Amino acid sequence: MEFNVKKLASDAGVFFSRAMQFTEEKLGQAEKTELDAHFENLLARADCTKNWTEKILRQTEVLLQPNPSARVEEFLYEKLDRKVPSRVTNGELLAQYMTEAANDFGPGTPYGKTLIKVGETQRRLGAAEREFIRSASINFLTPLRNFLEGDWRTISKERRILQNRRLDLDACKARLKKAKAAEAKAAAEHELRLTQTEFDRQAEVTRLLLEGISSTHVNHLRCLHEFVESQTNYYAQCYQFMLDLQKQLGSSKGEIFSGTFVGNAESASPAAATSPPAAAATLPAVPTIPVVPTIVGVPNTVAEGVLNPNEVKPPASGTRRARVLYDYEAADSTELALLADEMITVYSLPGMDPDWLIGERGNQKGKVPVTYLELLS
């Protein structure tokens, strides 16, 4: 107990003397050993690396998990060395709700069928997101975190030791200046030599650690490339999933809406139940252009019969040039297959679905989706 008290008193005395020394240095009343310019640059570079690594790490965590409560939970599991429980992604949860809704509405109804298709795509999006989060955590977050919790802690510890060695060295220099007697000067000079040696040795150790920041940058650069590759794959998967879904919905949209309009007309008019619907007879079995209901007094050239693109004549004005953004495979003979980067002429017809246009390439003609085009002036 007595030893502990003495040690505590000694530590308190050292702390107080160093606090006084810091204050005198700030006021210019005490000598301060300056580090060389190269060493100062290494210190500044290390501090910059640490600060930006922390910011990038935190913001990447926010990107991968926007929910702050979930991030806190994952942090606590990490500190307790326990496995983080598997969490359902938002896309997977939405897919579950859509599938359950389709079962309630009837999976055979147009709405139920569409809910199932969209829900399946949302499930695939959620699975892709889960894989992206896993890959980014392993290949990017973990190396950044290892640097902050490993290498940087070591560097910080050695820097604190170097600071203490520097304070001891300056204190010895001050005592040597104040020494009057020859014996006191000899003792102060001996102590100064020992302190200088310890300071130089610690400065070399710290310098080597600081120069290792270059290797850290190389490692983080590699991790950054892997993060970008994972993110690229994730967005490419999402884009392909949505293109597939859009194509499925586009090919069935006319059929769904046509059936809906006919069904509504039959239920709204008792006479329609006893006589065959004339309008339904004129609709194509597989519609080529999604149609819209005809407004009274406004002619609908698309809804009057089956559209044959080869019989369609371009309007006198209103044609435009368009560049194809992506390859498109025609679903039937009334659509025009597209190749990325080719140029075609496009125009619209009265009553056409705004998601589609008529496209012409030489003697070829057919429907094309607007989302695959860049319209030019």
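Structure's up top.
Residues numbered from 1 in each chain as written. Predicted model: local features only at pLDDT ≥ 70, side-chain atom pairs only at ≥ 80, totals over all residues. Heavy atoms only, no water.

Caption draft 1: Fine view of the overall build of the protein chain. Counting secondary structure elements, the protein chain contains 9 helices and 5 strands. What you see in the protein chain, going N to C, is helices and strands ordered as α-α-α-α-α-α-α-α-α-β-β-β-β-β. Burial statistics for the protein chain: of 377 residues in total, 30% are counted as buried. Residue pairs in contact within the protein chain that sit at least 24 positions apart in sequence constitute 67% of those at least 6 positions apart. (Helix = DSSP H or I, 4+ residues; strand = E, 2+ residues; numbered from the N terminus. Buried < 20%, exposed > 50% of the residue type's maximum accessible area, 1.4 Å probe, protein only. Contact = heavy atoms within 4.5 Å.)

Caption draft 2: Up close: the packing of aromatic side chains. The full count for this structure, using the stated rule, is 9 aromatic pairs. Centre to centre, the rings of Phe132 and Tyr234 are 5.0 Å apart; their planes meet at 5°, and the pair counts as stacked. Taken together, the residues Phe132 in helix H5 (residues 110–178) and Tyr234 in helix H7 (residues 213–268) connect sequence positions 102 residues apart. Grouped by ring-pair contacts, the aromatic residues Phe132, Phe140, Phe227, Tyr234 and Tyr235 constitute a single cluster. Positioned above the aromatic ring of Trp52, the side-chain terminus of Lys55 is 4.6 Å from the ring centre. The ring of Trp356 carries Lys367 above its face, with NZ or CZ at 4.6 Å from the centroid. (Phe/Tyr/Trp six-rings, centres within 6.5 Å; stacked < 30°, edge-to-face > 60°. Lys NZ or Arg CZ within 6 Å of the ring centre and 35° of its normal.)

Caption draft 3: The arrangement of the pattern of salt bridges in detail. As enumerated under the stated definition, the model contains 18 salt bridges in all. Among the ionic pairs, Arg134 bridges to Glu131, the shortest N-O distance being 2.7 Å. Highlighted residues: Arg134 and Glu131, both in helix H5, separated by 3 residues, approximately one helical turn. The salt bridge involving Glu342 is made with Arg361; its shortest N-O contact spans 2.7 Å. Here Glu342 is found in the loop between strand E1 (320–324) and strand E2 (343–347), whereas its partner Arg361 is found in strand E3 (residues 356–361), with 19 residues between them in sequence. What makes Glu342 buried here is its relative accessible area of 16%. For Arg361, a relative accessible area of 23% gives the class partly exposed. Bridged by salt links that share partners, the residues Arg58, Glu61 and Arg145 form one connected network. (Salt bridge = Lys/Arg side-chain N within 4 Å of Asp/Glu carboxyl O.)

Caption draft 4: Inspection of the packing of helix H2 (residues 37–64) against helix H6 (residues 182–211) at higher detail. H6 packs onto H2 with a crossing angle of 50° between their chain directions and a minimal axis gap of 10 Å. The angle between the axes of H2 and H6 places the two elements in the oblique class. In this structure, the crossing between H2 and H6 has a hand that is left-handed. Between H2 and H6, the contacting residues are His38, Phe39, Leu42, Leu43 and Ala46 on the first element and Ala203, Thr206, Arg207, Leu210 and Glu211 on the second. Among the residues making up the contact of H2 with H6, the classes are represented as 6 nonpolar, 2 polar and 2 charged. (Axes fitted to C-alpha atoms, helices over the stretch in contact; angles between N-to-C directions. Parallel < 35°, antiparallel > 145°, perpendicular 65-115°, else oblique. Left-handed = near helix turned anticlockwise from the far one by under 90°. Nonpolar A, V, L, I, M, F, W, Y, C, P; charged D, E, K, R; others polar.)

Caption draft 5: Spotlight on unusual backbone geometry. One non-glycine residue with positive phi stands out, namely Asp341, at about 80°. With respect to the secondary-structure elements, Asp341 resides in the loop between E1 and E2.

Caption draft 6: Local environment of H5. Under the 1.5 Å per step criterion, the end-to-end length of H5 is 96 Å for 69 residues, consistent within 8% with the ideal 102 Å. By the largest-angle criterion, Ser137 marks the main kink of H5, which is about 40°. (Expected span 1.5 Å × (residues − 1). Bend = angle between axes of the 7 residues up to and from the residue.)

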